[in-house]
Amino acid sequence: MPIERVAIIGLGLLGGSIGLAVQAHLPGMQTTGWDSDPATRKRAAERGLVGAVCDTAPDAVAEADLVILCVPVGAMGAAAAAIAPGLKAGAVISDVGSSKQTVAKALAEALPGHPVIPAHPVAGTERSGPDAGFASLFQQRWCIITPPDDADAAQVAALSAFWEALGATVEIMTPQHHDMVLAVTSHLPHLIAYTIVGTADDLEDVTQGEVIKYSAGGFRDFTRIAASDPTMWRDVFLTNKDAVLDMLQRFTEDLTALQKAIRMGDGQQLFDHFTRTRAIRRSIIEEGQDDARPDFGRSDHGDG
Ligand code: NAP
């Protein structure tokens, strides 16, 4: 299944980055795009995020072999309904949403008869909007593809080749497995960061500016994650509810165990726990998924 024309719906961080990466790595491929926000469409055209920014969703997808929905997960159903009247027969529909079971269901319901092959590039930053995208976002990052059981193997292979051309390494898994793994590696860390930054903010009255002043002690690394887009993350928690609640339960139990070790003065338990977690950090650096520099190389990219 050759992919010659790609339509990108939603021209923010992910959509803009895909558009720029296609132009950089697949120069023969045509790109069109649409966003529901006219100001975003204008800015996307000025930045040249895609070859042509269209005025309507059906126009954007009319010629496309592959359509990638890059909108918040809660807006996937609405975006799919908007493109439906313009899709050509056989066009493959994919997305970049951070949760997969709910999105797969929403897309299949909105687009009966069209092949839907969801995907999630595990790459992003805390920035959003049409100015946030950059062509190298997917370099050395994973892209998880979650095909339905009856997916066409040639279409899955074509989508995998597309993501590999943009610099990603593809992994195939079920949507259920994706949602469980991402709940612990991405969704729970974001929830913890949102919580701790809120707690510190509530304390600001007491500490009178010292939380910001001494933030290099660890707090500032949480603030980067807690600056992530509120719409995107609201939708992630609402659409991956079961897996997040399960991981949160486990986390709470482990936190309580550490709380008890502190109260009981059990230094050995604390030391053993921190030694185990330090080894995990080393493996992440060895796998090339982060940077050993003190700022984690955060000036140019993050995760998602
Ligand atoms: P973003 O920068 O906010 O871009 C999303 C764009 O979609 C916005 O311009 C938004 O317009 C537009 N939009 C909203 N509803 C729409 C609709 N119904 N039809 C057309 N356009 C619509 O967000 P993003 O970070 O690129 O995230 C997009 C998707 O990627 C999400 O599903 C997210 O879960 C996933 N993802 C994000 C990251 C990350 O780190 N950011 C990483 C991996 C995957 P308005 O602003 O006017 O609403």
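Residues numbered from 1 in each chain as written. Predicted model: local features only at pLDDT ≥ 70, side-chain atom pairs only at ≥ 80, totals over all residues. Heavy atoms only, no water.

**Q** For this particular structure, what's the right way to read the packing of helix H11 (residues 241-264) against helix H12 (residues 267-286)?
**A** The angle between the axes and the distance between the axes are what describe a pair of packed helices. Interhelical geometry of H11 versus H12 gives an angle of 140° and a closest axis separation of 8 Å. Comparing the axis directions of H11 and H12 gives the class oblique. Residues Ala257, Leu258, Ala261 and Ile262 of H11 lie in contact with H12, whose contacting residues are Gln269, Leu270 and His273. Taken together, the residues of the contact of H11 with H12 break down into five nonpolar, two polar and no charged. (Axes fitted to C-alpha atoms, helices over the stretch in contact; angles between N-to-C directions. Helix = DSSP H or I, 4+ residues; strand = E, 2+ residues; numbered from the N terminus. Parallel < 35°, antiparallel > 145°, perpendicular 65-115°, else oblique. Contact = heavy atoms within 4.5 Å. Nonpolar A, V, L, I, M, F, W, Y, C, P; charged D, E, K, R; others polar.)

**Q** How should the site of the ligand be read in this particular structure?
**A** Around the ligand sit 29 residues, and of these Leu14, Asp35, Val71, Ser98 and Gly129 come closest. Side-chain polar atom of Asp37 to an oxygen atom of the ligand: 3.4 Å apart, as the coordinates give it. Between Val71 and the ligand, the recorded distance is 2.7 Å, taken from a backbone N or O atom to an oxygen atom. Alone, the ligand offers 890 Å² of accessible surface; in the complex the protein occludes 85% of this. Counting atoms within 2 Å of the grid points, the majority share of the ligand lands in the second largest pocket. Among the elements of the structure, helix H1 (13-25), helix H4 (76-83) and strand E6 (119-121) are those that each provide at least two residues to the shell around the ligand. In terms of residue class, the shell around the ligand is made up of 14 nonpolar, 12 polar and three charged. (Near = heavy atom within 4 Å. Polar contact = N/O pair within 3.5 Å; in protein donor to acceptor, adjacent residues only side chain to side chain. Areas by Shrake-Rupley, 256 points an atom, 1.4 Å probe, with all protein chains shown as cover. 1 Å grid on protein atoms, 1.4 Å probe; cavity = no way out; pocket = protein on both sides within 12 Å on 5 of 7 lines; lining within 4 Å. Sits in = over half its atoms within 2 Å of the grid points.)

**Q** I'm lost on the domain arrangement of the protein chain in this one. Help?
**A** Buried accessible area, meaning the area lost when the parts come together, often serves as the stated size of an interface. Taken domain by domain, the protein chain holds domain 1 (5-173) and domain 2 (177-264). The interface of domain 1 with domain 2 comprises 15 residues on the first partner and 15 residues on the second. On the domain 1 side of the contact with domain 2, Ser98, Glu126 and Met173 bury the most area, a combined 39% of that side's loss. At the junction of domain 1 with domain 2, the criterion picks out one salt bridge. Here Arg224 ties to Glu126 by a salt bridge, and the two come within 3.3 Å at their closest N and O atoms. Viewed at the interface, domain 2 and domain 1 are joined by nine residue pairs in polar contact (both at pLDDT 80 or more). For the side of domain 1 that touches domain 2, the residue count by class is five nonpolar, eight polar and two charged. (Domains from an automatic or database assignment. Buried area = accessible area lost by both parts, 1.4 Å probe. Salt bridge = Lys/Arg side-chain N within 4 Å of Asp/Glu carboxyl O.)

**Q** Help me understand the sheet that holds strand E3 (residues 52-53), please; the structure alone is not making it clear to me.
**A** The strands making up a sheet are joined through hydrogen bonds of the backbone, oriented either antiparallel or parallel. Read across the sheet, five strands follow the order E3-E2-E1-E4-E5 without closing on themselves; strand pairing throughout is parallel. Edge positions in the sheet fall to E3 and strand E5 (92-95), since each of these pairs with one other strand and no more. Pairing of strand E1 (residues 5-9) with strand E2 (residues 30-34), which is carried by five bridges, proceeds in the parallel orientation. Its bridge partner lying in E2, Val6 is registered against Thr31. This element, H1, spans E1, E2 and strand E4 (66-69) of the sheet and lies at about 160° to E1. (Pairing = 2+ DSSP bridges.)

**Q** Before we go on, may I ask you to explain the pairing of E4 in this structure?
**A** Along any regular strand the residues' side chains alternate between the sheet's two faces. Side chains Leu66 and Ile68 project from E4 onto one buried face, and the interleaved Val67 and Leu69 project onto a second face that is buried too. With four bridges connecting them, E1 and E4 associate as parallel partners. Pairing of Ala7 across the sheet is with Val67, part of E4. Strand direction decides the pairing type here: E4 and E5, joined by four bridges, are parallel. Residue Ile68 lies in a different strand from E5, and its bridge partner there is Ser94. (Buried < 20%, exposed > 50% of the residue type's maximum accessible area, 1.4 Å probe, protein only.)

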